[in-house]
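So you can see what is in the structure, the chains are spelled out below.
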Amino acid sequence: MITPSTQTLPIISTGIFVLLIIGSSWTVDRVDTKSISFSDCSNTSCLTFTIKAKCQVFDLFGGEFPNEDGSGLRVECSETNGKELHRDVDNLRYTTNRSIVHLKVRDSKLNDMTDLPSGLVGIRSLILDNTNIDLQVIKESAEMLSSLTKLKIFNENYTTVPDLFYTMHELSTLWLNDIGIVAISDNAFQHLDDSIVELSLRENKLRTIPQAVTTLMKIETLDLTDNEIYSVSDGIANDLSRSLNRVKRIKMNRLNCSCEFAKSRFARWVRENAIKDVECLFPARFRGYDVWSTPIEDFCSSQINIIANLYLVLASLVFLKLIGNTNNSI
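Source: prediction; values computed, not measured.

**So, the overall build of the chain**
Here comes step 1: Within the chain, the regular secondary structure consists of six helices and 16 strands.
Here comes step 2: Sequence separation of at least 24 residues holds for 53% of the intrachain contacts in the chain that already meet a minimum separation of 6.
Here comes step 3: Summed over all atoms, the accessible surface of the chain reaches about 16800 Å², with 49% contributed by carbon and sulfur.

Rendered as structure tokens:
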């Protein structure tokens, strides 16, 4: 039960969600169900609507994503499909006359969808987790996502990320985590240059920092954790240093922190701007070291010591050779 109120709506049948609206108080009762019953009550009337669904519904009432009239719905669905999601979202939107400002769908089969439900017009936050949705569906529904501020996609199976954000000018948080991407088109984020503050691409198969990132002028946090990025070229480092003037964190954890890397353009930029969370994986003695706080000397000290020892060995050999020659001449 969520947000207890002074009144409750009788459960009409076994196994339903009951959502009660009384002034500013909503009650949600869950009894192992596949349907939702909504009642919108006032002093003079009480209307009830039943929607078959596999969802939970919560009222935000001026919370994280309030709409213009100060209210909105948060909907969380699981084990559904495209046809059911279309029906349930649209019925919910039009029977309650409230905007859905947050939708989370997980562990579902949305591969039969060709577009998003029209009831999502004006949505602010969308989370898709293990849904088998095609990215083309998001692209085809771009117009209704123009108010989106958060988009989080997890546990899907893609290889590339195309340009599908061309209407999302308010998008500030974008997560594309563990979705199998090996490449991102250079223009993928070109329409997000003035909005994105946080971009997460963790647990993918990227081998370099995508060039597309360099267009994100307002980005503060970039998460590349658990990708296959072991080094950063001077070319991409120069592009990053010219454009990412607000970045505070770049989360990386597989860098090969050799002495050569420590002297690289990327490492210098990280240190000069105190960019945190850029961490080493190799060599083993530097595993977990944060590049910005580790002096170049530390990364290069072992190499300097090796060279110094080689010089000592060579000098000793030369000295012994000279002594040997001197003894022979005597």
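Moving on from the model shown.
**Observations regarding the pairing of strand β15 (residues 249-256)**
Across a regular strand the side chains alternate sides, sitting on one face of the sheet and then on the other.
Here comes step 1: By the bridge criterion, three bridges tie strand β14 (residues 221-223) to β15 in an arrangement that is parallel. Residue pairing in the sheet places D223 in a bridge with K251 of β15.
Here comes step 2: Sheet analysis places β15 next to strand β16 (residues 276-282), joined by four bridges and oriented parallel. Residue M252 lies in a different strand from β16, and its bridge partner there is V278.

**Overview of the environment of V89**
Here comes step 1: Mapped onto the secondary structure, V89 falls in helix α1 (residues 82-96).
Here comes step 2: Note: C-alpha distance between V89 and V75 (14 residues apart in sequence) is 8.6 Å.

Cut-offs applied
- Residues numbered from 1 in each chain as written.
- Predicted model: local features only at pLDDT ≥ 70, side-chain atom pairs only at ≥ 80, totals over all residues.
- Heavy atoms only, no water.
- Helix = DSSP H or I, 4+ residues; strand = E, 2+ residues; numbered from the N terminus.
- Contact = heavy atoms within 4.5 Å.
- Areas by Shrake-Rupley, 256 points an atom, 1.4 Å probe, with all protein chains shown as cover.
- Pairing = 2+ DSSP bridges.

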